[in-house]
There are 2 protein chains.
Amino acid sequence: MQTLDERAKKILCAVVQSYIEVPDPVGSRTVSKVYPFGLSPATIRNIMADLVEMGFLIQPHTSAGRVPTDRGYRFYVDSLLAEMNYLNMEFFREIGNRLEALRDNIDMLFSETTRTISTFSHYLGVAMAPKSNRITLNRIELFKYRTDKIAAIIFTDEGLIKNRVVSIDSEINQKDLNKMAAYLNSEFSGHTFDEIRQKVIKEMSKEKIICDRLILRAIRICRETFSFYGDLFVSGLSEVLDLPDFADLKKIKELSKAIEEKHTIIKLLDRLSDFDGVQIIIGSEILMDEMKKFSLVVSTCKEDNRPIGVVGIIGPTRMNYSKAISIVDTTAKFLTKILAEK
Amino acid sequence: MQTLDERAKKILCAVVQSYIEVPDPVGSRTVSKVYPFGLSPATIRNIMADLVEMGFLIQPHTSAGRVPTDRGYRFYVDSLLAEMNYLNMEFFREIGNRLEALRDNIDMLFSETTRTISTFSHYLGVAMAPKSNRITLNRIELFKYRTDKIAAIIFTDEGLIKNRVVSIDSEINQKDLNKMAAYLNSEFSGHTFDEIRQKVIKEMSKEKIICDRLILRAIRICRETFSFYGDLFVSGLSEVLDLPDFADLKKIKELSKAIEEKHTIIKLLDRLSDFDGVQIIIGSEILMDEMKKFSLVVSTCKEDNRPIGVVGIIGPTRMNYSKAISIVDTTAKFLTKILAEK
DNA sequence: ATTAGCACTCTATGCTTTAGAGTGCTAAAG
DNA sequence: CTTTAGCACTCTAAAGCATAGAGTGCTAAT
């Protein structure tokens, strides 16, 4: 496969841009008219034929214009990323206005973030706190709850507060619960949930050695408590329904299924949260069949190099990438600022 | 408007049932064939013409069969409700299997409930804890959180556990927080959030008289803490997309908007949670423009005559009501059983 | 290497026709 | 007086057909 010369690159980008603006297959005529390369349609036709051959464009049918392939979008996006500076201060302030008041309520913060993203982008906004294996325990408190239950309140370093209820077989008084909490805090505070779970398994295996019944019970509680899925927030389905790309019911169904099942998207976002900066995954690059018609623009909020949140946009492969990139990047930066303030 | 004689009733119900099974306008021929009244199509035609005149049926166009109006469905549903016994023990056990393990996690419980409802009904499943004005405070705990914040953990009589973070201007130690919590519990425990808010407003109005600074601060915290919207859970959008009733994109958009904005549905469910038993609201009866193409089948879980949860189905007006009623009723009864165990 | 010219291809659109389902009315039968 | 058979009429949805227009690929000229 040959590399593209300057001219071919420009024409490819022109085709992609035109198609992003108006979802009609673009013909040589249009390119030569709207993008002044000083080339005739005939020449452009030749180059476009090459681009088809190389897999950057396809023809819906013989006598139609060209449409970008995933590879075509990929090329376009890479050249975008190389060039642009995508922090948008105006949007930064806007999102600030919307979110500032919610800084103390992480759920609302995430949910309003997705709403903001989706109204500004007209695509799906997504946001997620890290999955529990990455999360670090800050503190745990235990309460007697109803007759035979314990309520555990868990504070994490990422600013999450979670509660879990655990049924117990025999009664326990609040004093003992306090002791148990103290033990758990001394033992596990500062560790990720993953580490805690492993430690617990180890402890349980040498169960017989543990003499203190309270500790044993505490550890039992841990097993049920220190695991939860990432909280995924998604907004904007009604936005994307307006897009011509979703005139097809089948696509809508795929998308709404993915949103409802959540775990596909959670897995995806979790995988991406290891990396820095804006990441873009286009169509089939997602490597998940149910998502191969969509693109993803994602950025991760980090603190001390550990992920504390992921935000992104899901849209059609025919997405306004430059706008999406700018929105996601700006939002992630704002969220990072908010989340890191302790 | 005359009342319907026996024959007309039967024919009306036959038309509704046929249309629910297959969404084609039903003609006199079909009725006479499939439902053996011993009447010729011509006679049935006459009666159907009357039913149109009375507003129970309409004709999409002159030479088409008949389709039920909202009033037609209403009549059908009322005759259903009069007859049937809708608790389904088989489904009761099935939903038990699915939900039993989640009894300690109310959020998961509600969310899994909606999922179960939607997979069995193929309509939208909805569930909601009561709105905060109806909820009764059981206990509140306060913690110092990060440098300048307080975390409040709120336990309600309904079994909800909520946490709120409140920023404060000057530092406060845990001992004082404990005192504040004790005060709040003694003062407000057993009261609904509505009552608490009113009390707080009263207290604040005579602010100057309150000498204890701690109490003043505690009351301030209340103001921010004792309000939250009902937690609405919805599942099954991807289910309803399969229905022929939703071939129209516009309808899907309306529905997904209602789901995303939530407050419309929350308001609706809240209004209904005062009543007992299965309630059915059909199309325009909902009195909300965005919902006038849908129907709602709802039942409320109660304990000591106070609502502790609402579950329901949202579907097209052309819904399989008898199935929906049975599912909702059974689910509500199971949920009531689980939620009431303390 | 580029471009103008031209024949060719394919789709989308609009129009016309047709089949069929269902009705309403009338007149006969029970 | 109610019910029913018969029949002309209406309306839709589907199928077939013709046409316009956009876009292509190829060839020959620049």
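Residues numbered from 1 in each chain as written. Chains lettered and ligands numbered in written order. Predicted model: local features only at pLDDT ≥ 70, side-chain atom pairs only at ≥ 80, totals over all residues.

**Q** Sorry, what's going on with the overall build of chain A here?
**A** Assigned secondary structure in chain A consists of 13 helices and 10 strands. Its C-alpha atoms give chain A a radius of gyration of 25 Å, clearly above 20 Å, the size a compact globule of 342 residues would have. Overall, chain A is about 85 × 40 × 35 Å in size when its C-alpha atoms are taken along their principal axes. For chain A, with 342 residues in total, the buried portion stands at 41%. Counted over contacts in chain A with a minimum sequence separation of 6, partners at least 24 positions apart contribute 62%. (Helix = DSSP H or I, 4+ residues; strand = E, 2+ residues; numbered from the N terminus. Rg over C-alpha atoms; globule rule 2.2 N^0.38 Å. Buried ≥ 20, exposed ≤ 12 C-beta atoms within 10 Å, placed from the backbone. Contact = placed C-beta atoms within 7 Å.)

**Q** Explain the nonpolar core to me, please; I cannot follow it from the model alone.
**A** Nonpolar side chains in soluble globular proteins generally cluster together in the buried interior. In this structure, Val-126 of chain A together with Val-126 of chain B are the most contacted members of the largest nonpolar core, which totals 190 residues. If near-sequence neighbours (up to four positions away) are discounted, Val-126 of chain B is found in contact with Thr-114, Leu-232, Phe-233, Val-234, Ile-265, Leu-269, Val-311, Gly-312 and Ile-314 of chain B. (Core = buried A, V, L, I, M, F, W, Y, C linked by C-beta atoms within 7 Å.)

**Q** So what exactly am I meant to see when it comes to the protein's contact with DNA strand C here?
**A** The local shell around DNA strand C holds 20 residues, among which Ser-40, Thr-43, Thr-62 and Ser-63 of chain A together with Gly-27 of chain B are the closest. It is helix α3 (residues 41-53) of chain B that contributes the most residues to the surface near DNA strand C, 4 residues altogether. Here the surface near DNA strand C is built from residues that sort into 6 nonpolar, 11 polar and 3 charged. (Near = placed C-beta within 6 Å. Nonpolar A, V, L, I, M, F, W, Y, C, P; charged D, E, K, R; others polar.)

**Q** Sorry if this is basic, but what is going on with the environment of Met-84 of chain B here?
**A** Within the secondary structure layout, Met-84 of chain B lies in the loop between α4 (70-83) and α5 (89-99). For the pair Met-84 of chain B and Glu-260 of chain B, spaced 176 residues apart in the sequence, the C-alpha separation amounts to 35 Å.

**Q** Looking at this model, I keep getting lost on the relation of the copies chain A and chain B. Mind explaining?
**A** Related by rotation about an axis and a shift along that axis, the two copies of the chain form a pair. Rotating chain A by 180° and moving it 0.0 Å along the rotation axis overlays it on chain B with an RMSD of 0.1 Å. As the rotation angle and translation indicate, the two copies are arranged about a two-fold axis. An overlap of 100% is found between the interface residues of chain A and their copies at the interface of chain B, pointing to a shared contact surface. (Least-squares fit on C-alpha atoms with pLDDT ≥ 70 in both.)

**Q** Even after reading the chapter, I still don't get the sheet that holds strand β10 (residues 306-316) of chain A, so can you show me in this structure?
**A** Either a parallel or an antiparallel arrangement is found when strands of a sheet pair, and the pairing is made through backbone hydrogen bonds. Residues and elements named next belong to chain A. Judged by pairing direction, the sheet is antiparallel, and its 5 strands sit side by side in the order β7-β3-β10-β9-β8 without closing on themselves. Only two strands of the sheet have a single neighbouring strand rather than two, namely β7 (232-235) and β8 (279-282). Here the average twist between neighbouring strands, direction ignored, is 15°. The pairing of strand β9 (residues 294-303) with β10 spans 10 bridges and is classified as antiparallel. Directly across from Cys-301, in β10, lies its bridge partner Gly-309. With respect to the sheet, helix α12 (residues 263-272) is in contact with β3 (124-128), β7, β8, β9 and β10, its orientation differing from that of β3 by roughly 65°. (Pairing = 2+ DSSP bridges. Axes fitted to C-alpha atoms, helices over the stretch in contact; angles between N-to-C directions.)

**Q** Can you walk me through the sheet that holds strand β6 (residues 161-167) of chain A in this structure?
**A** Residues and elements named next belong to chain A. Taken in spatial order, the 3 strands of this open sheet run β4-β5-β6, and their pairing is antiparallel. The sheet is open, and its two edges are formed by β4 (137-145) and β6, each paired on a single side. Taking each pair of neighbouring strands and ignoring which way they run, the sheet shows an average axis angle of 20°. In terms of strand pairing, β4 meets strand β5 (residues 149-156) through 8 bridges, oriented antiparallel. Its bridge partner being in β5, Tyr-145 is matched across the sheet by Lys-149. Along the sheet, helix α7 (residues 174-188) contacts β4 and β5; its crossing angle with β4, the most-contacted strand, is approximately 165°.

**Q** How should the protein's contact with DNA strand D be read in this particular structure?
**A** Taken together, 20 residues lie around DNA strand D, and Gly-27 of chain A together with Ser-40, Thr-43, Thr-62 and Ser-63 of chain B are the ones closest in. Within the residue set of the surface near DNA strand D, elements represented by two or more residues are α2 (28-34) and α3 (41-53) of chain A together with α3 of chain B. In terms of residue count, α3 of chain A provides more of the surface near DNA strand D than any other element does, 4 residues in total. Class assignment for the residues of the surface near DNA strand D results in 6 nonpolar, 11 polar and 3 charged.

**Q** Please clarify how the interface of chain A and chain B should be interpreted in this entry.
**A** How large an interface is tends to be reported as the accessible area lost when its parts come together. Opposite the 25 residues of chain A that make contact, chain B presents 25 residues. Among the elements of the structure, β4, β5, β6, α10 (237-240) and α11 (249-261) of chain A are those that each provide at least two residues to the side of chain A that touches chain B. It is α11 of chain A that provides the largest number of residues to the side of chain A that touches chain B, a total of 6 residues.

**Q** Hey, could you run me through the pairing of β3 of chain A in this one?
**A** The side chains of a regular strand alternate, residue by residue, between the two faces of the sheet. Residues and elements named next belong to chain A. The element β3 is largely enclosed, with a buried count of 5 among its 5 residues. Alternating positions in β3 separate into two faces, Leu-124, Val-126 and Met-128 on one and Gly-125 and Ala-127 on the other, with burial throughout. Two elements, β3 and β10, share 5 bridges in a ladder whose sense is antiparallel. Looking at β10, one finds that Gly-125 is bridged to Ile-313. Where β3 lies against β7, 4 bridges are found, and the strand directions are antiparallel. Bridge pairing in β7 links Gly-125 to Ser-235.

**Q** What is the right way to read the pairing of β9 of chain A from this model?
**A** Residue and element names in this part refer to chain A. For β9, the buried fraction is high: 8 of the 10 residues fall into the buried class. Taken together, the 4 bridges between β8 and β9 define a ladder with antiparallel strand orientation. When the sheet's bridge partners are listed, Ile-281 is paired in β9 with Leu-296.

**Q** What is the right way to read the packing of helix α1 (residues 6-21) of chain A against α3 of chain A from this model?
**A** Between two packed helices, the angle of one axis relative to the other and the distance separating the axes together describe the packing. Residue and element names in this part refer to chain A. Packing of α1 against α3 leaves a shortest axis separation of 10 Å and a crossing angle of 85°. Comparing the axis directions of α1 and α3 gives the class roughly perpendicular. Packed against α1, whose contacting residues are Arg-7, Ala-8, Ile-11 and Leu-12, the element α3 presents Ile-44, Ile-47, Met-48, Asp-50 and Leu-51 at the interface. (Parallel < 35°, antiparallel > 145°, perpendicular 65-115°, else oblique.)

**Q** How should helix α4 (residues 70-83) of chain A be read in this particular structure?
**A** Given 3.6 residues to a turn, an α-helix orients residues that are three or four positions apart in the same direction. Residue and element names in this part refer to chain A. The first and last C-alpha atoms of α4 sit 20 Å apart over 14 residues, in line with the 20 Å expected at 1.5 Å per residue. For α4, the complete set of buried residues consists of Gly-72, Tyr-73, Arg-74, Phe-75, Tyr-76 and Val-77. At its buried positions, α4 is contacted by α1, β1 (57-58), β2 (67-68), β8 and α13 (321-340). (Expected span 1.5 Å × (residues − 1).)

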